[in-house]
Amino acid sequence: MPDALAVRNLEKRYGSVRALRGVDLTVEEGQLVGLLGPNGAGKSTLVKIAAGLVRASAGDARVAGARAGSRPARAALGYLAELFRFPGWYTADEVLELHQRLAGSRGGAAERARLLELVALSEARDRRVDGMSKGMAQRLGIAQALVGEPRLLLLDEPTSALDPVGRRTVRLLLEELRGRGVSVLLNSHLLSEIELVCDHVAILLGGEVVAAGSPQQLAQPRGVELETDEGVHTVEGVTRDDVPRLVEEAVRSGRRVYGVRVLTSTLEETYLEAVGGETS
Amino acid sequence: MSSVAAIVEYGFREAVRRKMFAVVLVLTVLFLFLFWLANHFVFAQLDQITPPADVHVDTRTFAGAFLTGLAMFATLFLGVVLAVFLTLGVVGGDAERGLLQPLVVRPVGRATLLLARFAGAAGVCSLYVLAVYFASMLITGLTGHWWPGNVVGPGVELALGVIIVVALSLLGSVVLTSTANGIAIFMLFGAGLVAGLLGSIGHALNSHAVKSASTVTSYALPFEGLYQDALRLITQDTTGLTAFVLQLGPFGGGYVHGWTIRVWAVVYLVLALAAAIGAFSRRNL
């Protein structure tokens, strides 16, 4: 079975601006991949090319084996844009019904009820969009993206308008989707969110992938912190495997050891190191 | 087919939900009332009206045709206003507001999406134009006991004219911002009005050059050509009387007419839609 999303040497130019410079990225079946990067790094452009909203200048992007933007590719994905809106006069149920018809979903009322329950909007089934809070509309957007049980879910900043409870709802939802084998490409500024739910993370800067790997791989060891009778000091350039040796050496030199802590960088630190403090 | 119907329905609901639609309806009621008032006074004082020397028809026919012609211009204008406000932001405006992207990523396809939006807007506008046309015709018929020689044709041509404006506005919405598109379409409509005026001037001065400029412009903007043909149709079959070219001064006259303009209008519509689809399929959202 082809990967849910396979991007090879992808380039996008807007006039003289190179938004993407040869990006390679794969979202495997059932994998949850996070995209990180400062504003203008090319994250949204990448997601939009995958969704068929923007045409690539060069390279290849395939959704479930089909060229991005083609009908089979669009039939295989669900998409939540960073900035989106539904007509204010539609109710939540009508929005989902419209997208069911557009997606060719045969799920009917049962699917709509299930999706609304999934995003905690069952009570708002008949509420019009213009009467919803930003967070409710955002959750409705996620439900809309899930119409027709897509193989690949493209989420561009899905929690930007949500409060902490709403973010937790989305996080749990993403974990549930992963359990069901749905592949997700998640573009988010919230590192903690990415760290908690993603299997794989790619950090973009200036249209290039500057770091990629699992959150654990990206969280590099930074050394070991040793607490002795002389105080606390950090030994850099060592890992967990070096701990017995460090303790033995300290004891041999007559110090009393009270505690040892292996230091690892957080994803945030790795991210800041990768982007060099760039914000836009 | 369900997805196409869904988009048509989406566009239709959007059209009738807009406040603009209510404004146009209020303006229409006001126009029809004033039009009835004009008919009432004109036909009540028919003996005080003298047709121009070169118009060889009876006074009632002249007055009835003149009033119907003016009503047709107002109908076209109101139809164009409705068409522009329903479609000026279908692509650019909706994309800017984030309404379009969730629809475009669905398997329905951009061409189908645009054609379905066209069908929705064209349906609303043509129904509106036909309703106003027949209402004004009824007012003149019942008040002044005068009926056009061709009852259906002029209404259909006015509706087709407005449908062309819908297509042009959709094309504009792909390449322009909503505001720029609205201005551009109203300027095109104004240019059509000028073409009609040029026709009147050209015939008054018997200037071949001015008449040619008017004809070329009417073909370049076929909604104007169709309007002129529709003006011709309301008098061409008047029983027992010689048909005459209705001249409404600044509102043009029935100078361009016949099957050439009708066929060209359909070809023009197809070309405008094809251009809109081509531009939309290449546009980044």
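Not measured: the values here are computed from a predicted model. (Residues numbered from 1 in each chain as written. Chains lettered and ligands numbered in written order. Predicted model: local features only at pLDDT ≥ 70, side-chain atom pairs only at ≥ 80, totals over all residues.)

Draft legend 1. Spatial organisation of the overall build of chain B. When you go through chain B residue by residue, the secondary structure sums to 11 helices and 0 strands. Traced from its N-terminal end to its C-terminal end, chain B shows the element sequence α-α-α-α-α-α-α-α-α-α-α. Whereas a compact globule of 285 residues would reach a radius of gyration of roughly 19 Å, chain B reaches 20 Å, a difference of no more than 12%. If one aligns the C-alpha atoms of chain B with their principal axes, the spans along those axes are about 65 × 40 × 30 Å. The proportion of buried residues among the 285 residues of chain B is 50%. Considering only contacts within chain B whose residues lie at least 6 apart along the sequence, 80% involve residues at least 24 apart. (Helix = DSSP H or I, 4+ residues; strand = E, 2+ residues; numbered from the N terminus. Rg over C-alpha atoms; globule rule 2.2 N^0.38 Å. Buried ≥ 20, exposed ≤ 12 C-beta atoms within 10 Å, placed from the backbone. Contact = placed C-beta atoms within 7 Å.)

Draft legend 2. Structural detail: the pairing of strand β4 (residues 58-63) of chain A. Residue and element names in this part refer to chain A. Two strands pair when backbone bridges link them, and strand β1 (residues 5-14) and β4 are joined in this way by 5 bridges, in the antiparallel orientation. Bridged to E11 within β4 is A58. Bridging between β4 and strand β5 (residues 66-67) involves 2 bridges; their strand directions are antiparallel. Each bridged residue has a counterpart across the sheet, and for R62 the counterpart in β5 is R67. (Pairing = 2+ DSSP bridges.)

Draft legend 3. Quick peek at the interface of chain A and chain B. Between chain A and chain B, the residue contacts involve 23 residues of the former and 21 residues of the latter. Counting only elements with at least two residues in the side of chain A that touches chain B, the list comes to α2 (71-75), β6 (77-80) and α3 (92-103) of chain A. Looking at the side of chain A that touches chain B element by element, the count peaks at 5 residues for α3(A).

Draft legend 4. Region of interest: helix α6 (residues 164-179) of chain A. Residue and element names in this part refer to chain A. Given a rise of 1.5 Å per residue, 16 residues ought to cover 22 Å, and the 23 Å separating the end C-alpha atoms of α6 matches this to within 8%. Looking at α6, one finds that the buried residues are G166, V170, L174 and L177. Looking straight down α6, one finds that the buried residues subtend no more than 80° of arc, so they occupy a single side. Those residues of α6 that are exposed and aimed more than 90 degrees away from the buried face are P164, V165, L172, E175, E176 and G179. In this structure, the buried residues of α6 make contact with β3 (32-36), α5 (134-145), β7 (152-156), β8 (183-187) and α7 (191-197). (Expected span 1.5 Å × (residues − 1). Arc of directions from axis to C-beta.)

Draft legend 5. Just the pairing of strand β10 (residues 208-213) of chain A, in detail. All names here are of chain A. For strand β9 (residues 200-205) and β10, the ladder comprises 5 bridges, and the chain directions are antiparallel. Bridge pairing links V201 to G213 in β10. A loop of 2 residues connects β9 with β10, the two strands running antiparallel in sequence, and G206 in this loop sits at a positive phi of about 55°.

Draft legend 6. Here's a closer look at the domain arrangement of chain A. The assigned domain composition of chain A is domain 1 (5-215) and domain 2 (221-264). A straight line from the C-alpha centre of domain 1 of chain A to that of domain 2 of chain A covers 44 Å. (Domains from an automatic or database assignment.)

Draft legend 7. Up close: the nonpolar core. Residue and element names in this part refer to chain B. C125, V162 and A167 are the most contacted members of the largest nonpolar core, which has 160 residues in total. Ranked by the residues each element gives to this core, the list is headed by helix α3 (residues 59-87), at 16 residues. Contact partners of V162, with chain neighbours within four places excluded, come to L76, G79, V80, A83, C125, S126, V129 and F223. (Core = buried A, V, L, I, M, F, W, Y, C linked by C-beta atoms within 7 Å.)

Draft legend 8. Looking closely at the sheet that holds β10(A). Residue and element names in this part refer to chain A. Read from one edge of the open sheet, 6 strands run β6-β7-β8-β3-β9-β10, paired in mixed fashion. Edge positions in the sheet fall to β6 and β10, since each has one partner strand and no second. The sheet shows a mean angle of 15° between the axes of neighbouring strands, taken without regard to direction. In the packing of α5 onto the sheet, contacts are made with β6 and β7, and the angle to β6 comes to roughly 165°. Along the sheet, helix α10 (residues 267-275) contacts β3, β9 and β10; its crossing angle with β9, the most-contacted strand, is approximately 30°. (Axes fitted to C-alpha atoms, helices over the stretch in contact; angles between N-to-C directions.)

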